[in-house]
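Observations on the three-dimensional arrangement
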Amino acid sequence: MKKILFVLLLPLLVSCGKENRTFSLKSIRLNGYKRTAAPSQRLYLLVFDETGQDPIAHTGFYPADLTLPATFSIHPRIPMTLYNTTYRVQLWGDSTGFISGCSVDMDKYKIIFPIDMEVESDSLQVSMAGSWE
């Protein structure tokens, strides 16, 4: 009985205490955004930290006229200290420029074992996927 209880509680014990760990962002899924009457364009995402104006990561392109959701790989894969920094994810179009953005502020909520973390604003919904290091 003790072995069964230990096996059941082990994942919980291992997943606790992520506040000082680094989350490695590997992909972002674009779930939706507020569309405008724009010409046919290619979409891409940029990731910024709270201190800089230059993006720390970017994605490839995705045609805006195709259906969503669309999953983008992050280049380079970036380590994120989620509990100490606010990050911004921005959606851009190659012909219109900036479309929308949202902030990732982990101080507002806590995720013990994020496999797929949903973040949204009024005009953008994305899911961020990665793993703890």
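Remember, predicted model here, so these are calculated numbers, not experimental data. (Residues numbered from 1 in each chain as written. Predicted model: local features only at pLDDT ≥ 70, side-chain atom pairs only at ≥ 80, totals over all residues. Heavy atoms only, no water.)

**Looking at the overall build of the chain**
To be explicit about the condition: Runs of E in the DSSP output that reach at least two residues are strands. Runs of H or I that reach at least four are helices, and both are numbered from the N terminus. Accessibility here uses a 1.4 Å probe with only protein chains present; expressed as a share of the type maximum, an area under 20% marks a residue as buried, one over 50% as exposed, and anything in between as partly exposed. Any two residues whose heavy atoms approach within 4.5 Å are treated as being in contact.
Helix and strand content of the chain: one helix and nine strands. When the helices and strands of the chain are read in sequence order from the N terminus, they spell out α-β-β-β-β-β-β-β-β-β. Each of the 133 residues in the chain was classed as buried or not, and the buried ones make up 40%. Contacts in the chain between residues at least 24 apart in sequence constitute 59% of all its contacts with a sequence separation of at least 6.

**Concerning the pattern of salt bridges**
To keep things clear, this is the line we draw: The working definition used for a salt bridge is a side-chain nitrogen of Lys or Arg within 4 Å of a carboxyl oxygen of Asp or Glu.
Tallied over the full model, the rule gives one salt bridge. Asp94 is paired through a salt bridge with Arg42; the nearest N and O atoms lie 3.0 Å apart. Of the two residues, Asp94 sits in the loop between strand 6 (87-93) and strand 7 (97-104) while Arg42 sits in strand 2 (residues 42-49), which places them 52 residues apart along the sequence. We classify Arg42 as partly exposed; its relative accessible area is 40%.

**Concerning unusual backbone geometry**
The omega angle of the peptide bond from Leu68 to Pro69 is 10 degrees, so this bond is cis rather than trans. That bond from His75 to Pro76 is cis: its omega, -15 degrees, falls within 30 degrees of zero. If you trace the backbone, Pro76 turns up in strand 5 (residues 70-80).

**Examining the environment of Gly101**
Along the chain, Gly101 falls in strand 7. A C-alpha to C-alpha distance of 5.9 Å links Gly101 and Leu91, two positions 10 residues apart in sequence. Look past the residues within four positions of Gly101 in its chain and what remains in contact with it is Val89, Gln90, Ser121 and Leu124.

**Thoughts on the confidence of the model for the chain**
Low-pLDDT portions of the prediction should not be read for the details of their coordinates. Just so we agree on the cut-off: pLDDT: the predictor's confidence for each residue, scored from 0 to 100.
With 76% of its residues at a pLDDT of at least 70, the chain reaches an overall mean of 79. Predicted confidence for residues 5-16 stays below pLDDT 50, and this span has three contacts to residues more than four positions away or in other chains.

**Let's talk about the packing of aromatic side chains**
Defined as follows: When two rings of Phe, Tyr or Trp (its six-membered ring) have centres within 6.5 Å they constitute a pair, described as stacked for plane angles under 30 degrees, edge-to-face for angles over 60, and tilted for the intermediate range. Here, a charge over a ring is recorded when the distance from Lys NZ or Arg CZ to the ring centre is within 6 Å and its angle to the ring normal is within 35 degrees.
Tallying each qualifying case throughout the model produces three aromatic pairs. With a centroid separation of 5.3 Å and an interplanar angle of 75 degrees, the aromatic rings of Tyr44 and Phe61 are classed as edge-to-face. Separated by 17 residues along the polypeptide, Tyr44 in strand 2 and Phe61 in the loop between strand 3 (57-58) and strand 4 (62-63) bring together distant segments of the chain. Residue Tyr44 is classed as buried on the basis of its relative accessible area of 18%. Its relative accessible area of 45% is what places Phe61 among the partly exposed residues. Ring centres of Tyr62 and Phe72 lie 6.0 Å apart, and the angle between their planes is 70 degrees; on these two criteria the pair is classed as edge-to-face. In this pair, Tyr62 is assigned in strand 4 and Phe72 in strand 5, connecting sequence segments 10 residues apart. Phe72 carries the same exposure label as Tyr62, and that label is buried. Positioned above the aromatic ring of Phe61 is the side chain of Arg42, whose terminal nitrogen or guanidinium carbon lies 4.0 Å from the ring centre.

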